[in-house]
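Okay, here's what each chain looks like letter by letter:
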Amino acid sequence: QIALADRWFNATDDTVDQFACYTIKIDRNGNEGHRKILNPGKRQRVELKWNLKAVKPYCDVSVDGRLVITHLIEHDTPNGINYIHFYNTAKKTDRQGTSLYTIRAFTNGTSLAAPLK
């Protein structure tokens, strides 16, 4: 699960989806709902672009440069998006897991931080 939030949540908080501006729930097969968006076991580039100023605020989710889904805002925010929250929703020990190789943030095309190494 990937959530974009307007405030900090504890890393183990399983209620984030109830309060976050956007929540992307990906199951173990790489599906969100009925849509296949990721291929487990393959390194992929996931990009989240949101627009809070649109008449209907949205977040576009792209994988390897291909738009896979557009989410409308779930909870309004006066402060904007400030945090990205990754949460493994597995009910049992997850031996496969997920690896994050690089995280970058941009605003209006300008990098906000150097990539993780």
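Scope of this entry: the structure provided in the associated data block. (Residues numbered from 1 in each chain as written. Predicted model: local features only at pLDDT ≥ 70, side-chain atom pairs only at ≥ 80, totals over all residues. Heavy atoms only, no water.)

**Here's the deal with the sheet that holds strand 6 (residues 58-63)**
Move 1: One open sheet holds the three strands; their spatial order is 5-6-7, and the pairing between them is antiparallel. Each of the sheet's edge strands pairs with one partner strand only, and the pair in question is strand 5 (46-51) and strand 7 (66-72). The sheet shows a mean angle of 20 degrees between the axes of neighbouring strands, direction not considered.
Move 2: Judged from the six bridges that link them, strand 6 and strand 7 form a sheet pairing that is antiparallel. If you follow valine 63 over to strand 7, its bridge partner there is arginine 66. (Pairing = 2+ DSSP bridges. Helix = DSSP H or I, 4+ residues; strand = E, 2+ residues; numbered from the N terminus. Axes fitted to C-alpha atoms, helices over the stretch in contact; angles between N-to-C directions.)

**Re the pattern of salt bridges**
Move 1: All told, the structure shown has four salt bridges when counted by the stated rule.
Move 2: Put simply, arginine 7 and aspartate 6 hold a salt bridge, and the shortest N to O gap is 2.7 Å.
Move 3: With relative accessibility at 37%, the residue arginine 7 sits in the partly exposed group.
Move 4: Between lysine 25 and aspartate 17 there is a salt bridge; the shortest N-O distance is 2.7 Å.
Move 5: Overlapping salt bridges, with partners in common, bring together Arg45, Glu47 and Lys49 in one network. (Salt bridge = Lys/Arg side-chain N within 4 Å of Asp/Glu carboxyl O. Buried < 20%, exposed > 50% of the residue type's maximum accessible area, 1.4 Å probe, protein only.)

**Considerations on the sheet that holds strand 2 (residues 22-24)**
Move 1: In space, the three strands of this open sheet follow the order 2-1-8, with antiparallel pairing throughout. With one partner strand each, in any of the chains shown, strand 2 and strand 8 (83-86) form the two edges of the open sheet. Across the sheet, the axes of successive neighbouring strands diverge by a mean angle of 15 degrees, strand direction being ignored.
Move 2: In the sheet, strand 1 (residues 2-5) pairs with strand 8 via four bridges, with the strands oriented antiparallel.

**Side note on the nonpolar core**
Move 1: Ranked by size, the top nonpolar core spans 15 residues in total, and within it Leu4, Tyr22, Ile24, Leu48, Val61 and Val68 carry the most contacts.
Move 2: At the level of secondary structure, the elements contributing two or more residues to this core comprise strand 1, strand 2, strand 6 and strand 7.
Move 3: Core analysis: the second largest hydrophobic core is formed by five residues, Ala3, Ala5, Phe9 and Val16 among them. (Core = buried A, V, L, I, M, F, W, Y, C linked by side-chain atoms within 4.5 Å.)

**Some thoughts on the environment of aspartate 17**
Move 1: Structurally, aspartate 17 can be placed in the loop between strand 1 and strand 2.
Move 2: Not counting chain neighbours up to four residues away, the residues in contact with aspartate 17 comprise Gln1, Thr23, Lys25, Glu74 and His75.
Move 3: A polar contact is formed between the side chain of aspartate 17 and the side chain of lysine 25, at a distance of 2.7 Å. (Contact = heavy atoms within 4.5 Å. Polar contact = N/O pair within 3.5 Å; in protein donor to acceptor, adjacent residues only side chain to side chain.)

**Considering unusual backbone geometry**
Move 1: For aspartate 64, which is not glycine, the phi dihedral falls at a positive 50 degrees.
Move 2: Among the secondary structure elements, aspartate 64 is positioned in the loop between strand 6 and strand 7.

**Some remarks on the side chain of histidine 71**
Move 1: Along the polypeptide, histidine 71 turns up in strand 7.
Move 2: By relative accessible area, which is 13% here, histidine 71 ends up buried.
Move 3: Of the polar contacts made by the side chain of histidine 71, one reaches the side chain of glutamate 32; its length is 2.9 Å.
Move 4: The contact partners of histidine 71, leaving out residues within four places of it in the chain, are Tyr22, Thr23, Ile24, Glu32, Pro57, Tyr58, Cys59 and Val61.

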